[in-house]
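Close look at the chain arrangement
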Amino acid sequence: MNQAAPTPTIPKSLPRRAYDTLSSFGLTVVILVLMLFITWKGTLAQVDLGLYEAQKKYFESLFIIERAGPIPVFLPGGYLLMGALFVNLALGGMVRLRRTKATIGIFVIHIGIALMLIAGFVKFHHSSEGALRLYVGQQKTEFVSYHDWELVIGAPVTGGQDAQDGEWREYVVPGERFIALGIDDRLSFTHDDLPFRTELHGFTRNAMVRPDSGDGRTSQAVVDGFWIERRPLDSKAERNLAAAYVDVVPTSGSTTVRGLVWGVQKEPLVAEVDGTRYTIDLRKRRFPLDFTMRLDEFQKTDYPGTTKPVDYRSWVTKVEDGVEQQTEISMNEPLRHQGYIFFQSAFDQPDRASNGEMYSIFAVVRNPSDQWPLYSCIIIAAGLLLHFGRKLFRYARTQSAGA
Amino acid sequence: MIRSTPRLFLLLSAGLLPACDDGPRGGPIEVVRTVAAPDVDLDASGAKRFGYEAPPPLFLFDLPENWREIEPAPLRDLNFTIPGVGAAGDAECYASLLQGGGTLDNVNRWRGQMSLDPYSDDELAALPVVDVVGRRSVLVDIEGTFQSMSGEAQDEYRLLGVYAAFPAFGFSVKMIGPRETVTAERDAFVRFVESLLLNPERFGGMPGMAAGSTDPTGGARDQDGHDPHDGHDHAAHASASVDPSELTWIKPAHWTVGEGSSMRVVTFDVPDSPGSQCWVTVLPGTAGGVLMNLNRWRREVGLDPITEGDLDSLPHLRVLGRDSVLLEVEGGYQGMSGPRIDEALLFGVVCDLGDSLMFVKMVGPKSDLSDERSHFIAFCESLSS
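Considerations on the overall build of chain B
Each helix and strand in chain B was counted, giving nine helices and 18 strands. By residue count, 45% of the 385 residues in chain B fall in the buried class. Long-range pairs, those at least 24 residues apart, make up 58% of the contacts in chain B with a sequence separation of at least 6. Surface exposure of chain B reaches about 18600 Å², of which carbon and sulfur atoms provide 50%.

Section: the nonpolar core
Residues and elements named next belong to chain B. Counting 29 residues, the largest nonpolar core has Trp-67, Cys-93, Phe-171, Val-173, Phe-189 and Phe-192 as the members making the most contacts within it. Ranked by residues supplied to this core, first place goes to helix α6 (residues 186–195) with five residues. Once residues lying within four places of it in the same chain are set aside, the contact partners of Cys-93 are Trp-67, Leu-78, Asn-79, Phe-80, Ile-82, Val-173, Lys-174, Met-175, Phe-189 and Phe-192.

Some thoughts on the sheet that holds strand β6 (residues 186–190) of chain A
Across the sheet, which stays open at both edges, the five strands sit in the order β11(A)-β10(A)-β7(A)-β6(A)-β1(B) with mixed pairing between neighbours. Taken across any chain shown, the strands that pair with only one partner, and hence form the sheet edges, are β11 (257–262) of chain A together with β1 (27–28) of chain B. By the bridge criterion, four bridges tie β6(A) to strand β7 (residues 196–204) of chain A in an arrangement that is antiparallel. Its bridge partner lying in β7(A), Phe189(A) is registered against Thr198(A).

With respect to the sheet that holds strand β10 (residues 170–178) of chain B
All names here are of chain B. In spatial order, the strands read β4-β5-β6-β10-β9-β8-β7; together these seven strands make up an open sheet with antiparallel pairing. Each having just a single partner strand, β4 (68–69) and β7 (129–132) make up the two edges of the open sheet. The sheet contact formed by strand β8 (residues 135–147) and strand β9 (residues 153–165) spans nine bridges and is antiparallel. The partner of Phe-146 across the bridge, within β9, is Gln-154.

Let's talk about the interface of chain A and chain B
With 56 residues of chain A in contact, the opposing surface of chain B contributes 47 residues. For the pair chain A and chain B, the summed buried area comes to about 4500 Å², and 63% of that belongs to carbon and sulfur atoms. The three residues of chain A that bury the most area against chain B are Trp168(A), Arg177(A) and Glu267(A), which together make up 16% of that side's buried surface. Connecting chain A to chain B are one salt bridge. Remark: the boundary between chain A and chain B carries 18 residue pairs in polar contact (both at pLDDT 80 or more).

Describing the confidence of the model for chain B
Residues and elements named next belong to chain B. Overall, the predicted model of chain B reaches an average pLDDT of 78, with 77% of residues at or above 70. Counted against residues more than four places away or in other chains, residues 204–240, with its pLDDT under 50, gives 71 contacts. Model confidence for the complex is summarised by a pTM of 0.60, with the ipTM given as 0.76.

Here we look at the packing of aromatic side chains
Scanning the entire structure with this criterion turns up 30 aromatic pairs over all chains. When the centroid spacing of 4.9 Å and the interplanar angle of 75° are considered together, the rings of Tyr135(A) and Tyr359(A) count as edge-to-face. Of this pair, Tyr135(A) sits in strand β3 (residues 128–135) while Tyr359(A) sits in strand β18 (residues 359–366), placing them 224 residues apart in sequence. Relative accessible area serves as the criterion here: at 23%, Tyr135(A) is assigned to the partly exposed category. Taking the centre distance of 4.9 Å and the plane angle of 70° together, the rings of Phe196(A) and Tyr278(A) count as edge-to-face. Of the two residues, Phe196(A) is situated in strand β7 and Tyr278(A) in strand β13 (residues 276–302); the sequence distance between them amounts to 82 residues. Taken individually, Phe196(A) and Tyr278(A) each receive the classification buried, so the pair is uniform in this respect. Site record: aromatic cluster; members linked through ring pairs are Phe143(A), Phe287(A), Phe291(A), Tyr340(A) and Phe342(A). The cationic tip of Arg76(B) hangs over the ring face of Tyr94(B); the distance from NZ or CZ to the ring centre is 3.8 Å.

Considering the pairing of strand β16 (residues 322–333) of chain B
Residues and elements named next belong to chain B. Bridge count for strand β15 (residues 316–319) against β16 is four bridges, and the pairing is antiparallel. For Arg-318, the partnering residue across the bridge sits in β16 and is Asp-323. Connecting β15 to the next strand, β16, in antiparallel fashion are two residues, including Leu-320 with a positive phi near 50°.

Focus: helix α4 (residues 78–95) of chain A
For an α-helix the count is 3.6 residues per turn, leaving residues at separations of three or four pointing the same way. The first and last C-alpha atoms of α4(A) sit 24 Å apart over 18 residues, in line with the 26 Å expected at 1.5 Å per residue. Roughly 25° is the biggest bend found in α4(A), and it falls at Leu89(A).

Criteria and thresholds
Residues numbered from 1 in each chain as written. Chains lettered and ligands numbered in written order. Predicted model: local features only at pLDDT ≥ 70, side-chain atom pairs only at ≥ 80, totals over all residues. Heavy atoms only, no water. Helix = DSSP H or I, 4+ residues; strand = E, 2+ residues; numbered from the N terminus. Buried < 20%, exposed > 50% of the residue type's maximum accessible area, 1.4 Å probe, protein only. Contact = heavy atoms within 4.5 Å. Areas by Shrake-Rupley, 256 points an atom, 1.4 Å probe, with all protein chains shown as cover. Core = buried A, V, L, I, M, F, W, Y, C linked by side-chain atoms within 4.5 Å. Pairing = 2+ DSSP bridges. Buried area = accessible area lost by both parts, 1.4 Å probe. Salt bridge = Lys/Arg side-chain N within 4 Å of Asp/Glu carboxyl O. Polar contact = N/O pair within 3.5 Å; in protein donor to acceptor, adjacent residues only side chain to side chain. pLDDT = per-residue confidence, 0-100. Phe/Tyr/Trp six-rings, centres within 6.5 Å; stacked < 30°, edge-to-face > 60°. Lys NZ or Arg CZ within 6 Å of the ring centre and 35° of its normal. Expected span 1.5 Å × (residues − 1). Bend = angle between axes of the 7 residues up to and from the residue.

What follows is the structure, given as structure tokens:
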């Protein structure tokens, strides 16, 4: 008797294998275990690195390099894992999922989780946060980043139909363009309006600027009697003070102006090029607001018999397109407007400059996906209700049919 | 499936890498904003830009020709040496901003240092007067055996001194040295004290001064209870950044207000621990600085000094809104006055208020004071002005 020839197995194509793997439950388990591991590692690392650096290293990275003794161990970072989880969820939890009445609840849950991951992605790439400090009566149209730097070249506005006395133009280089610059590397920035290029070198993320003692002992370059003393990074990232050497190189070939810039310098570096004076400043990044915020009143309430605050709140006026709107901001009641959120963060003691006034500090966040986690939770809750509600209904019906 | 997963991870990672390159990037500046002209000093020196500009001097004066100014020291805001005459030794002259005491107390303290009996009020009133920092001040001129702080006796010494009383503090200028040297410099001393001014750039308004008032003291009586002297266009105004008379606090319930001294804002006793005291002092001016005073306390218990770099490793408190170092040391304690305490515990906080230093110090037997640490810290943190 002849036996039928076995059906030849058609090998799967690469796209098919990729699809099967990326949508597999096994991949989900691997990703979740790895996320658990780096969450544990990142939490422990906060003790030494501080919150900001630990977050950057473990949760906002593609890869992490850990060491097991002398042996480097490469691990996927949080960004890569969450990206992979999103793809896995989309392919396995939504595309590949058999959509029936029994699985509709699970499908909705997966949509909610995907929305949560998208919210994180949007926040990472498109949000900004910082602080706004206001004395009573003071108004501002920008807030200042906690951690990010910017290099700003200031130039007087001259000529042209829109030229006005007292106007300046700021040419801004965001910190992400130079924050990873090596100590021995050099970057050059240019603009068509400026008759020079600005060369940045010797950049240090945390430094003190010291006067040269003249004994020749410093190994760093001394410029105008000062040099940059490199310091280890502080675990509290907002305490790090960046510094760098700057060369202003005129395109006309005239003498290069050399100087230092430092994150807490009281006055900017000034470079005169072809008869015009330009300022170069290294400062915390500023984010312009689309409206003006004015602090009208600040109130602090202390625990009886002490100077420790139990509550503090601010009354502010938001001025937008000539329209004023007054509102109160307190510790658990932020102001939300146009994607901005103003939290009552802190206050500070008076100093001589304020003639005894206290000032209020607001934490400001601009996050387009601010409310998406809330929507995500609502969708997940709805999916859970659908799925388990259906199961409960079927169980109850089975029980009553059997009774 | 599992075997292919690692390879696919690598493929995925490789695909993501080029898209996420955040490395340093030079080239054209892309962000340009128009703003109001900033309020900056385009001619600022490097020292001003980086915060190394020397502050204006505390005092303005005409320095006599052969006097040499030296570094300030604790309780010596101005410090000079004067070369000796002939075989006589050098003299020293120093100015101090002091908290409390009054003219009679301080003059009699000097007389005690010269092994002389104290003055009465009538004797004080009979002394000659000079103008010092816009104040009519008695001129003390005495000779005797000088007893230094170290206990060493110096015969045939002469002391010249003036004391100006302000509402919140006192200001003294004192010259001490061999009789021949001080005698030769007497006229120069008088000219020097009459040229002295408290620099208005370093000091704010006098406590209690009304806006627009021509009275440099705002009508407040000085520490001697006298009406202020006016008629000086350049009357010097001075105040500590914190007015000691306006300090408030929350004292631990079991502490009691004790008998202090003219130098202290307040003194507390701990009834359960005889020999233990806590007190607060405010000294206008630099008063030697934080580190020098912490090391002074360390020397009082026989410990070696620490350096500026050691300060970061010490505990810090928030006192009057300022970050302040907490010193906790133990040993055999011998202060400027009072009996020695063997096996003492000392808590101390030096708070830099800008134009003055505030000292909070607690010392007593270690066996009693070890339970007082939290009370001391709470007291320091409760201080308010």
